[in-house]
Amino acid sequence: MSTSRAPVARKPVETITVVTPCFNSAKYIEETVESVINQRAVREGRMKLNYWVIDGGSNDGTQAILQRYADQGKLNFISEKDSGMYDALIKGFQRARGELCCYINAGDYYHLTAFDVVKEVMDAHDVSWLSGWHVMYNERSQVINFYLQKRFFRSFIRKGIYGRLQPHIQQESTFWRTELLDLLDFDKLRSFRYAGDFYLWHSFASQHELCSVAAQL
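Residues numbered from 1 in each chain as written. Predicted model: local features only at pLDDT ≥ 70, side-chain atom pairs only at ≥ 80, totals over all residues. Heavy atoms only, no water.

*Asks:* Explain the overall build of the protein chain to me, and be specific about the residues and the numbers.
*Replies:* Along its length, the protein chain carries eight helices and nine strands. What you see for the protein chain is a C-alpha radius of gyration of 17 Å, in line with the 17 Å of a compact globule of 217 residues. With the C-alpha coordinates aligned to their principal axes, the bounding extent of the protein chain is approximately 50 × 40 × 35 Å. In the protein chain, which comprises 217 residues, the proportion classed as buried is 47%. Here the protein chain displays about 10500 Å² of accessible surface, and carbon together with sulfur accounts for 48% of that area. Averaging the locations of the 26 positively and 25 negatively charged side chains of the protein chain gives two centres separated by 5 Å. (Helix = DSSP H or I, 4+ residues; strand = E, 2+ residues; numbered from the N terminus. Rg over C-alpha atoms; globule rule 2.2 N^0.38 Å. Buried < 20%, exposed > 50% of the residue type's maximum accessible area, 1.4 Å probe, protein only. Areas by Shrake-Rupley, 256 points an atom, 1.4 Å probe, with all protein chains shown as cover. Lys, Arg positive; Asp, Glu negative; His and termini not counted. Charge placed at Lys NZ, Arg CZ, Asp CG, Glu CD.)

Right under this line is the structure:
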């Protein structure tokens, strides 16, 4: 981990809120959901999961899949027309609780021990948000490449250099303390069609360093 700060007294991470926005994602949604609900930290009781899947009114069978998981008490979901992915994300963020928050799109997935890694780092260090290895995988969910951005510069984040002149900040590898949501203007976030992630990272970087963690998340 690229930080030299000494451990500080912070409230231990006990609950994580995960948000998945989706629309007509029947082909991909199960792999994503399974990677969230089967996190070792959740299954073994080290973390509580507050999982919201926000569906934009799918008509391809996505709702039936989500209903099956909801009936098992594995997740919460809303299915209704929205104005885009970031509108869906806001609905999930507004239902966030606990110390930690993140979002993952349908078709992406977490490593089995991702939540454990994030918890251990945040419990031991004064870290407000972090990102792990940038992982690339193919249509068969096979990892084909990965690399680590050893350090993130706040000034680079705010200038939009990551994603243009430097590799982008991989959203599914990024986690933050829930309190950082207070830095967001939800109406502004809702207005974005493609650049909402930049707005998230720009807002977080206005006050907090992004920590790089040498782990697959």
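On we go from here.
*Asks:* Before we move on, could you go through the confidence of the model for the protein chain and cite the residues and values that matter?
*Replies:* With 95% of its residues at a pLDDT of 70 or more, the protein chain shows a mean pLDDT of 92. Residue range residues 1-8 is modelled with pLDDT below 50. Its contacts to residues more than four positions away, or to other chains, number 17 contacts. (pLDDT = per-residue confidence, 0-100. Contact = heavy atoms within 4.5 Å.)

*Asks:* Before we move on, could you go through the pattern of salt bridges and cite the residues and values that matter?
*Replies:* Counting across every chain of the model gives eight salt bridges. Its salt-bridge partner being Arg-68, residue Glu-30 comes within 2.7 Å of it at the nearest N-O pair. Here Arg-68 lies in helix H3 (residues 62-71) and Glu-30 lies in helix H1 (residues 29-37), a separation of 38 residues in the sequence. What makes Glu-30 partly exposed here is its relative accessible area of 32%. Among the ionic pairs, Lys-119 bridges to Asp-123, the shortest N-O distance being 2.9 Å. Of the two residues, Lys-119 and Asp-123 are both situated in helix H5 (residues 114-124); the distance of four residues between them amounts to about one turn of the helix. Its relative accessible area of 27% is what places Asp-123 among the partly exposed residues. Through salt bridges that share partners, Glu-44, Arg-46 and Asp-116 make up one connected network. (Salt bridge = Lys/Arg side-chain N within 4 Å of Asp/Glu carboxyl O.)

*Asks:* Tell me about the layout of surface pockets, and please be specific about residues and values.
*Replies:* Each pocket or cavity is described by its volume, and for the largest pocket that value is around 270 Å³. What lines the largest pocket is a set of 15 residues, and nearest its centre among them are His-168, Ile-169, Asp-197, Phe-198 and Trp-201. Contributing elements (two or more residues each) for the lining of the largest pocket: helix H6 (154-159) and helix H8 (196-205). Ranked by residues supplied to the lining of the largest pocket, first place goes to H8 with three residues. Residues that form the lining of the largest pocket fall into these classes: eight nonpolar, four polar and three charged. (1 Å grid on protein atoms, 1.4 Å probe; cavity = no way out; pocket = protein on both sides within 12 Å on 5 of 7 lines; lining within 4 Å. Points joined across faces, edges and corners; volume = space filled by probe spheres on them. Nonpolar A, V, L, I, M, F, W, Y, C, P; charged D, E, K, R; others polar.)

*Asks:* Kindly report on the nonpolar core, identifying the contributing residues and their values.
*Replies:* In this structure, Val-18, Tyr-110, Phe-115, Leu-130 and Phe-175 are the most contacted members of the largest nonpolar core, which totals 33 residues. Contributing elements (two or more residues each) for this core: strand E1 (15-22), H1, helix H2 (40-43), strand E2 (48-55), H3, strand E4 (100-103) and H5. Setting aside residues no more than four positions away along its own chain, Phe-175 makes contact with Ile-16, Leu-100, Cys-101, Cys-102, Tyr-110, Phe-115, Val-118, Met-122, Ser-128, Trp-129, Leu-130 and Leu-217. Counting 27 residues, the second largest nonpolar core, distinct from the first, contains Ile-54, Tyr-162, Ile-169 and Leu-181. (Core = buried A, V, L, I, M, F, W, Y, C linked by side-chain atoms within 4.5 Å.)

*Asks:* So what's going on with the pairing of E4? Residues and values would help.
*Replies:* Alternating positions in E4 separate into two faces, Leu-100 and Cys-102 on one and Cys-101 and Tyr-103 on the other, with burial throughout. Bridging between E1 and E4 involves four bridges; their strand directions are parallel. Bridged to Val-18 within E4 is Cys-102. Here E4 runs beside strand E8 (residues 174-177); their pairing, made up of two bridges, is antiparallel. Following the sheet pairing, Leu-100 is matched in E8 by Arg-177. (Pairing = 2+ DSSP bridges.)

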